[in-house]
Amino acid sequence: MFAFINTKQFIKGWAECFALLFMGCHSSWAGIQVSPMTVVLDTHNQYVSGINVLSDSQEVQYIKVDIKKIENPGTPEQKDVDINDESSAIIASPQRFILPAGGRHVVRLLSNGIPSTEGVWRVYVHSVSDDDQDIVSKNNDAKIAININWGVLVYNEPENPEPKLSFNPTTGLLKNAGNTRIFITRYGFCNNANNCQWQNFGYAIYPNTAKHINNKKGKKENILLIESRKGNAAPKYTKVRF
């Protein structure tokens, strides 16, 4: 299970529970499950998808959906940015709804036009109180409520996604000048995948970003062989000449 939790609240909540263990303390979780946690909007699904919100609670819950854009993905400067509905490249519907006890609801996701370059978004799903205030804690009867903020990662891909890699041996920077991310599993300075001194990588390089690689090990020729994967597809090999 993957969820974005306010870490301080989480630690504080459980610390209080342990402290009050013999005083009848119990936890009240925000009882929803969200799936899938990653969504791709592309030509294969005609830029329409959805996420399932399931109730684990015996009570009616008020659910709110927020969309944030991820700027500078895959870099130290990565951050979520608030947006208004007019400037959003993706649409989530509905953004507010009532989830009955044990019920299920589908939040529809669609692209607001086909992008020229891949965008990365986060769709947050969480419970709110009936007066639209986030549920953080309840003090009655030593009950602790922990609000789990589920964050679904959404990739909004261009019609013809294609990464474009270049390597600078002086700086050791591997740059992607293409229009979509590429997830690199490993790389090597070689010409043949079957005879290569591979180095593990395990990172995605997003459009117009770069990552540093170790270019001091095994460099015998001016060819960088990249092994990449997309989803569950077979690995793909790309030669980058420099």
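These lines cover the structure that appears in this document, whether it is placed above or below. All figures in this text were calculated on a predicted structure; none of them were measured in a lab. (Residues numbered from 1 in each chain as written. Predicted model: local features only at pLDDT ≥ 70, side-chain atom pairs only at ≥ 80, totals over all residues. Heavy atoms only, no water.)

### With respect to the pattern of salt bridges
Filter applied, for reference: By definition here, a salt bridge exists when the distance from a side-chain nitrogen of Lys or Arg to a carboxyl oxygen of Asp or Glu is within 4 Å.
Evaluation of the coordinates by the stated rule reveals five salt bridges. When salt bridges with common partners are traced through the structure, they connect Glu118, Glu157, Arg181 and Lys230 into a single cluster.

### Topic: the sheet that holds strand β17 (residues 199-205)
Applied cut-off: The rule for pairing is simple: two strands pair if DSSP sees at least two bridges between them. Strands here are runs of E lasting at least two residues and helices are runs of H or I lasting at least four, both read from the DSSP assignment and numbered beginning at the N terminus. Axis lines are fitted to C-alpha atoms, over the contacting stretch for helices. Their N-to-C directions set the angle, which ranges from 0 to 180 degrees.
Taken together, four strands build an open sheet; the order of strands is β17-β16-β19-β20 and the sheet is antiparallel. Among the strands making up the open sheet, the edge pair consists of β17 and β20 (236-241). Direction aside, the axes of adjacent strands within the sheet are offset by 30° on average.

### What about the nonpolar core?
The cut-off we apply is this: Here, nonpolar core means buried Ala, Val, Leu, Ile, Met, Phe, Trp, Tyr and Cys residues that are tied together by side-chain atoms lying within 4.5 Å of each other. A 1.4 Å probe rolled over the protein chains alone gives each residue an accessible area, and that area as a share of the maximum for its type sets the label: buried under 20%, exposed over 50%, partly exposed in between. Here a residue-residue contact requires only that any non-hydrogen atoms of the pair lie within 4.5 Å.
In terms of nonpolar packing, the biggest core is built from 24 residues, with Val123, Val125 and Val154 touching the most fellow members. For this core, the leading source of residues is strand β13 (residues 148-156), giving four residues. Residue contacts for valine 123: discarding those within four places in its chain leaves Ile51, Val65, Asp66, Ile67, Ile90, Leu109, Trp150, Gly151, Val152 and Val154. Grouped together as the second largest cluster of nonpolar side chains are 13 residues, Ile184, Phe189, Ile205 and Ile213 included.

### Observations concerning the packing of aromatic side chains
In plain terms, the rule: Two rings from Phe, Tyr or Trp (for Trp, the six-membered ring) form a pair when their centres sit within 6.5 Å of each other. Planes less than 30 degrees apart are called stacked, planes more than 60 degrees apart edge-to-face, and all others tilted. Consider the ring centre and the ring normal. A charge sits over the ring if Lys NZ or Arg CZ is within 6 Å of that centre and within 35 degrees of that normal.
The full count for this structure, using the stated rule, is seven aromatic pairs. Ring plane angle 85° and centroid distance 6.0 Å describe the contact between phenylalanine 189 and phenylalanine 242, whose orientation is recorded as edge-to-face. Remark: phenylalanine 242 occurs in the segment after β20 and phenylalanine 189 occurs in the loop between β16 (182-188) and β17; sequence separation between them is 53 residues. Both rings, one in phenylalanine 201 and one in tyrosine 203, keep their centres 5.4 Å apart while their planes meet at 75°; by these two values the pair is edge-to-face. Relative accessible area serves as the criterion here: at 14%, phenylalanine 201 is assigned to the buried category. Overall, the relative accessible area of 47% leaves tyrosine 203 in the partly exposed class. In this structure, lysine 69 is placed above the aromatic ring of tryptophan 121, and the distance from its NZ or CZ to the ring centre is 4.7 Å.

### Overview of the pairing of strand β10 (residues 104-111)
For strand β5 (residues 48-55) and β10, the ladder comprises seven bridges, and the chain directions are antiparallel. Across the sheet, the residue bridging to isoleucine 51 is valine 107, located in β10. As defined by bridge partners, strand β8 (residues 90-93) adjoins β10 across four bridges and the pair is classed as antiparallel. Residue pairing across strands places isoleucine 90 opposite serine 111, the latter belonging to β10.

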